[in-house]
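Structural characterization, general
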Amino acid sequence: MKHYSVLLNESIEALDIKPEGIYVDGTLGRAGHSTKILEKLTTGTLIAFDKDTDALEESKKLLGVKPILIHDSFATIGEHLDELGIDKVDGFLFDLGVSSPQFDDADRGFSYRFDAKLDMRMDQTQTLSAYEVVNEYNEDKLVDILKTYADERYAKGIVKAILKHRPIETTFELVSCVKEAYPSSQLKKGHPAKKTFQAIRMEVNNELKDIENALQDAIKYTKVGGRIAVITFHSIEDRLVKQRFNEVATPPKVNPRIPQIEVSQPKFKWISKQIKPSLKELDENNRSHSAILRVIERTEYDG
Ligand SMILES: C[S@@+](CC[C@H](N)C(=O)[O-])C[C@H]1O[C@@H](n2cnc3c(N)ncnc32)[C@H](O)[C@@H]1O
């Protein structure tokens, strides 16, 4: 199946790549974005991260030795940049979430469409998998995960069904628990297990915390004139990115009672508050439907 990189041209354009610059692709995947970044570099450097060893192996075949490929979470970007002796970066790209190859490989257990062992690990070397989350977490924690990571309104009922049927070994057993808890009137409105799978996957892969750390590092290491571009796929991660970007790029509201000299001005500016896929892309790639690209640029150093 053809690999489709979401918002590919839009994100590369938004990064405004300098041929001699240093760029970080936090989410290498199958190297769609990394390939385009490399095409624009002459003496520049690309450093790309992925938690998934398959992504690194497959991308290495495509990209050869030109980029620095790192098997680690993008939450550790800062540590790796320090080790490499890099103190400023011209651009960061994050194309968040699960890749199509991860979804489409039934054995990885990400998809409610295939029956597989409960897994959902992006990083195959990590010990925590969906099996432990579903079978070992207590009721309150599971309800909290379903609500916080997916706004699942039937969280309590789903978790009750999970507790009743434990041990749950497979994706289809988990889907059955969700269906048992869903009112029949809601069963036909999209796939009922979509939110539950999203929430459990986010817990297994520590997704929100990783994004928070990555944005903090990206903000710290971006050069003046450098940019940070993030593609999100659902409202929970998008809200986090939007809030963080607003904190650093949106000027504070003017309060006439506070002298303006005391109000710290933003060190970034918005380049694009939201870019969505073209009609052509939406037509060609179903996965693009929920994608949003947000981009900021550093205008000044802190302090
Ligand atoms: C949507 S895909 C990226 C696709 C890529 N841009 C392309 O064009 O091929 C997301 C990738 O990011 C990886 N990933 C997600 N969260 C990560 C994290 N915290 N650290 C490192 N890699 C991560 C996933 O394993 C997956 O391969």
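Shown above is the structure to which this text applies.
Nothing here was measured: the structure is a model prediction, and the numbers come from that model. (Residues numbered from 1 in each chain as written. Predicted model: local features only at pLDDT ≥ 70, side-chain atom pairs only at ≥ 80, totals over all residues. Heavy atoms only, no water.)

With that out of the way, let us pick up the nonpolar core. Core analysis: the largest hydrophobic core is formed by 64 residues, its most contacted members being Leu-81, Phe-92, Phe-94, Leu-174, Ile-200 and Ile-228. Looking at this core, the element that brings in the most residues is helix α11 (residues 207–221), giving seven residues. There are two domains that each give this core at least three residues, and those are domain 1 (8–101 + 207–298) and domain 2 (124–204). Ignoring sequence-local partners within four residues, the contact set of Leu-174 consists of Leu-118, Met-120, Val-134, Ile-162, Ile-168, Thr-196, Phe-197 and Ile-200. (Core = buried A, V, L, I, M, F, W, Y, C linked by side-chain atoms within 4.5 Å. Buried < 20%, exposed > 50% of the residue type's maximum accessible area, 1.4 Å probe, protein only. Helix = DSSP H or I, 4+ residues; strand = E, 2+ residues; numbered from the N terminus. Domains from an automatic or database assignment. Contact = heavy atoms within 4.5 Å.)

This paragraph deals with the site of the ligand. Taken together, 25 residues surround the ligand, and among them Ser-5, His-33, Asp-50, Phe-74 and Asp-95 come closest. Here an oxygen atom of the ligand and a backbone polar atom of Arg-30 are 2.9 Å apart. Of the residues in the shell around the ligand, the class split is six nonpolar, eleven polar and eight charged. (Near = heavy atom within 4 Å. Polar contact = N/O pair within 3.5 Å; in protein donor to acceptor, adjacent residues only side chain to side chain. Nonpolar A, V, L, I, M, F, W, Y, C, P; charged D, E, K, R; others polar.)

On to the pattern of salt bridges. This model, assessed by the stated rule, comprises 17 salt bridges. Close ionic contact of Asp-210 with Lys-51 constitutes a salt bridge, the shortest N to O distance being 3.0 Å. Residue Asp-210 is found in helix α11, and its partner Lys-51 is found in the loop between β2 (45–50) and α3 (53–63); the two are separated by 159 residues along the sequence. Judged by its relative accessible area of 13%, Lys-51 falls in the buried class. One salt bridge connects Asp-90 with Lys-223, and the closest N-O pair in it is separated by 3.2 Å. Of this pair, Asp-90 sits in strand β4 (residues 89–95) while Lys-223 sits in strand β5 (residues 222–232), placing them 133 residues apart in sequence. Residue classification places Asp-90 among the buried residues on the basis of a relative accessible area of 5%. When salt bridges with common partners are traced through the structure, they connect Asp-52, Asp-54 and Arg-108 into a single cluster. (Salt bridge = Lys/Arg side-chain N within 4 Å of Asp/Glu carboxyl O.)

The subject of this paragraph is the packing of aromatic side chains. Counted under the stated rule, the structure contains six aromatic pairs. Measuring from ring centre to ring centre gives 5.7 Å for Tyr-112 and Phe-197, while their planes differ by 90°; the resulting arrangement is edge-to-face. Here Phe-197 lies in helix α10 (residues 194–204) and Tyr-112 lies in the loop between α5 (100–104) and α6 (130–136), a separation of 85 residues in the sequence. Clustering of aromatic rings is evident, with ring pairs tying together Phe-74, Phe-92 and Phe-94. We note Lys-141 situated over the ring of Tyr-137; from NZ or CZ to the ring centre the distance is 4.1 Å. For the cation-ring pair, Arg-287 lies above Phe-233, with the distance from its terminal atom to the ring centre recorded as 4.3 Å. (Phe/Tyr/Trp six-rings, centres within 6.5 Å; stacked < 30°, edge-to-face > 60°. Lys NZ or Arg CZ within 6 Å of the ring centre and 35° of its normal.)

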